[in-house]
Amino acid sequence: MSVWSQGSPVVALGLEKLGDWADELLAGLAMTLYLYFVALTIGFLLGVGLALGRQYGGPVLSRIVTGYIEVVRGTPLLAQIFLIYVFPYSLNAWLTPDGPPFFMDIRWAIEIGGIRVLSHPILSSILALGLNSAAYQAEYIRGAIASIGEGQMLAARALGLSQMEGIRHVILPQAFRRMIPSWSNEASYLPKYTVVATFITVEDFFGMAKRAIAATFLSLETWLIVAAVYLVLITVISRVLERVYQKTKIPGL
Amino acid sequence: MNKMEPVLRVRDVWKSYGDLEVLKGISFDVMESEVKVVFGPSGSGKSTLLRCINYLDPPDRGDVFLRGVRLGEKDTDINEMRARIGMVFQHFNLFAHLRAIDNVAIGPEKVLGLSKEDARQRAMAALEHVKMADWADHYPAQLSGGQQQRVGIARALAMEPDVILFDEPTSALDPELIGEVLQVMLDLAKEGTTMVVVTHEMGFARAVANEMIFIDGGVVVERGTPEHFFRGADSERVRQFLHKLEELYGKEREELRDVDGE
């Protein structure tokens, strides 16, 4: 008996109507995962740069970095994503007040195999999530760097390694291992934060669920499914990170 | 190479942190194969002196020459100079994420530019030298303090430096682990390694030091051969200090003399 056939619990609850939306919801989930991994990666790479700038950058650079981190952490993510999203619109309105041709094209899109992988809303989401995540990740990375004893860098310099080489071969390999437990906070917050993309028209999982509800009126059921999917996703992420942490642990420590 | 030229010349080195003057004009030469022992009360500036020598903490005034080349000169690469000055730390400072062998190989590979294979070979030889070859695949946290310090010494040796600086290499060790480290250092000294050793191990000093330098309050109070100091130092301050050491470390000194007498 298929879950969609007459008499099954799915049908009894009226969920078969949601079945029509399965493809859209899956596409939305794929978009959510895509936003997540790209933003997490951008956030990580930029976060390492920010953390190093704050830790080793000297008075000027470290203050700029600290300022960036404070501003990003002190303002709502939703405001940040709207800011990035409307920026080209505002620029167009300001630079070409009489209408088209616009200074910046906003209707571009890149598709691979019929799937839209990059467009103005998607890029805005990736940028907003990546730049936001970078600020949080930078603090986790910097905390890990600061927890490494001074003697490690001292020994590296005494051997004749430059500061950059010391950071690369001695400090970062240890910092990356140490930061995993606290960093996994950010890794498991970020999938939930990707829902802000919905507000700038990206068709992510959350957005698709809203559309499915508008069509089927199965709001409680849909939100329960949405919650369950995020829960599974985040559970998997924390399990994987816990395993990575155990596997990369330095023996004896 | 000119045997009469000092390996290391320390000329009138001054260093202060804020208002605190730590070094107030220290000078000495270290010749090829010479062992200098620097000692004195804590806070007298011994560790700072070693850090000034390899410019980890550049001196405010004064000069350090390695085989006639001045450190801190604009056209001398400080990293290249440091590669020729080994350093052994009180708290070992082994790289926590690397196995013993990789701790020793990283310098030859990343600083001297040896191939991975050659660096490993050289590291293995250095570990054998300090009798730690059997522990090559262990991480620092899996080793005792004495074993860690021997790896620390191997790390310095593998660079084949002109001189090795020892910053109180045994003072963080449990008493029963001091002997194995001192034995390695005695062997190195007898093989002709040029060494500057900050230590309170007077047995070691007596056995191999060519000259002992007593530092207090950032200045050299007295210098001379071990015989000079142990027959009776000129300064009352030094005599008091040696007497205190004897009270504290008397027993270990006897043990060391046995090691030396083998």
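Preceding block: the structure.
Residue positions within a chain follow its written sequence, with the count starting from 1. Whichever chain is written first is A, and whichever ligand is written first is 1; the rest continue in order. Two thresholds apply to this predicted model, a pLDDT of at least 70 for residue-level local features and 80 or more for giving and counting side-chain atom pairs, whereas whole-chain, interface and lining totals are computed over all residues. Each side-chain value is worked out from all heavy atoms of the structure, with water and hydrogens disregarded.

Student: Explain the packing of helix 5 (residues 145–157) of chain B against helix 6 (residues 175–190) of chain B to me, using residue names and the numbers behind them.
Tutor: Residues and elements named next belong to chain B. A fitted line through C-alpha atoms represents every axis, and for helices the fit uses only the stretch in contact; the resulting angles, taken between N-to-C directions, go from 0 to 180 degrees. Helix numbering and strand numbering both begin at the N terminus, where a helix is a DSSP run of H or I of at least 4 residues and a strand a DSSP run of E of at least 2. Across the interface, helix 5 lies against helix 6 with an axial gap of 8 Å and an inter-helix angle of 20 degrees. On the basis of their axis angle, the class for helix 5 and helix 6 is roughly parallel. The residues of helix 6 that touch helix 5, namely those facing Gly145, Gly146, Gln147, Gln149, Arg150, Ile153 and Leu157, are Leu177, Glu180, Val181, Val184, Met185 and Leu188. In terms of residue class, the contact of helix 5 with helix 6 is made up of 7 nonpolar, 4 polar and 2 charged. We call two directions roughly parallel when the angle between them is under 35 degrees, roughly antiparallel when it is over 145, roughly perpendicular when it lies between 65 and 115, and oblique otherwise. Working rule for contacts: check all heavy atoms of both residues, and any pair within 4.5 Å makes them a contact. In this classification, Asp, Glu, Lys and Arg are treated as charged, Ala, Val, Leu, Ile, Met, Phe, Trp, Tyr, Cys and Pro as nonpolar, and every other residue, Gly included, as polar.

Student: Account for unusual backbone geometry, naming residues and giving values.
Tutor: Even without being glycine, phenylalanine 92 of chain B reaches a positive phi, approximately 65 degrees. Turning to its location among the elements, phenylalanine 92 of chain B is positioned in the loop between strand 6 (85–88) and helix 3 (100–111).

Student: Could you give me a rundown of the sheet that holds strand 6 of chain B, with the residues and numbers involved?
Tutor: Residues and elements named next belong to chain B. Read from one edge to the other, the open sheet built from 6 strands follows the order 6-7-8-3-9-10, with strand pairing classed as mixed. Of all the strands in the sheet, just strand 6 and strand 10 (219–224) have a single pairing partner and so form its edges. Each strand of the sheet is rotated relative to its neighbour by a mean of 20 degrees, with strand direction disregarded. Direction of pairing for strand 3 (residues 35–39) relative to strand 8 (residues 195–198): parallel, over a ladder of 4 bridges. Paired with valine 35 across the strands is methionine 195, a residue of strand 8. Packing of helix 5 onto the sheet brings it into contact with strand 6 and strand 7 (163–167), and relative to strand 6 it is tilted by some 175 degrees. Here, any two strands with at least 2 DSSP bridges between them count as paired.

Student: Can you explain the pairing of strand 7 of chain B? Please cite residues and give values.
Tutor: Residues and elements named next belong to chain B. Across the 5 residues that make up strand 7, a large majority, 5, are buried. Bridge analysis of strand 6 against strand 7 gives 4 bridges, and the strand direction is parallel. When the bridges of strand 7 are listed, glycine 86 appears paired with isoleucine 164. Across 4 bridges, the pairing between strand 7 and strand 8 is parallel. Residue pairing across strands places isoleucine 164 opposite methionine 195, the latter belonging to strand 8. A 1.4 Å probe rolled over the protein chains alone gives each residue an accessible area, and that area as a share of the maximum for its type sets the label: buried under 20%, exposed over 50%, partly exposed in between.

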